[in-house]
Amino acid sequence: MKSSFKKDYEKQVHPDGSVELIFRSRRIGRLSSGASVALIMFVWLAIYFTMMAYFGIDNAFIVFVIAAIILFSMIAFAFRTKSTIMVKPRVGLIFDGKQLPFSDIESIGIESSGAFLAPKGIGRVYARSYGKEISLTAYMTLPRAQSIRSEIFAASGIKWN
């Protein structure tokens, strides 16, 4: 039986055994901190009061809501990118035009946190190498980050702790 549910990412297995993970991500950063939310609210209020002065008090709210929806849609679309991670079994990872051999990787983990717009939380997959955390993905929903990490583990051909 074929599943009627779709994954949040695509997995392509190449003839040489390498696995390519393709997924959509947004490179807009975290919105989980109070400072980010406060800054966004300040900007929206500044726009709203400017519209009140320009369009008058009666029409400002309607124009503001329409402008906010259009602006939010444009920002969300503009920062949406297609990311790929190539896993070469027993060799390493290729992502964002960079190569990271498995021999240099101490661990692969997920940095997670709660988020203002994502009730299940957000996370990013990273590799720890020489005491440094190297981002393999941008922040995304936590379940998708966990799935991508599991796929990397399964395709690597290495037993991870």
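Residues numbered from 1 in each chain as written. Predicted model: local features only at pLDDT ≥ 70, side-chain atom pairs only at ≥ 80, totals over all residues. Heavy atoms only, no water.

Enquirer: Mind laying out the nonpolar core, listing which residues take part and the relevant values?
Expert: Counting 21 residues, the largest nonpolar core has I85, L93, I105, I108, L136, I148 and I152 as the members making the most contacts within it. When contributions to this core are tallied by element, the ones reaching two or more residues are β2 (19–26), β3 (80–88), β4 (92–95), β7 (122–129) and α3 (142–156). Top contributing element to this core by residue count: α3, with four residues. When neighbours within four sequence positions are excluded, I85 is seen to be in contact with V19, E20, L21, F23, L93, I94, F95, L136, T137, I148 and I152. W44, Y48, F64 and A68 belong to the second largest nonpolar core, which has five residues in total. (Core = buried A, V, L, I, M, F, W, Y, C linked by side-chain atoms within 4.5 Å. Buried < 20%, exposed > 50% of the residue type's maximum accessible area, 1.4 Å probe, protein only. Helix = DSSP H or I, 4+ residues; strand = E, 2+ residues; numbered from the N terminus. Contact = heavy atoms within 4.5 Å.)

Enquirer: Could you give an account of the side chain of R144, naming the residues involved and the relevant values?
Expert: When you line up the elements, R144 lands in helix α3. With a relative accessible area of 17%, R144 lands in the buried category. The residues contacting R144, other than those within four sequence positions of it, are D8 and R24.

Enquirer: An account of unusual backbone geometry is requested, with residue identities and associated values reported.
Expert: The residue R90 is not glycine, and still its phi comes out positive at about 60 degrees. Within the secondary structure, R90 is located in the loop between β3 and β4. Notably, Y130 is not glycine yet its phi reads approximately 55 degrees, a positive angle. Positionally, Y130 belongs in the loop between β7 and β8 (132–135). The class of Y130 is exposed, set by a relative accessible area of 66%.

Enquirer: Could you give an account of the pattern of salt bridges, naming the residues involved and the relevant values?
Expert: One pass over the structure, following the stated rule, counts five salt bridges. A salt bridge links K88 to D16, with the shortest nitrogen-to-oxygen separation between them at 3.6 Å. Placement of K88 in strand β3 and of D16 in the loop between β1 (9–13) and β2 is noted, with a sequence separation of 72 residues between them. Exposure remark for K88: the relative accessible area of 28% places this residue in the partly exposed category. Three or more residues joined by partner-sharing salt bridges are found here, namely E111, R124, R128 and E133. (Salt bridge = Lys/Arg side-chain N within 4 Å of Asp/Glu carboxyl O.)

Distances and angles like these do not, on their own, reveal function.
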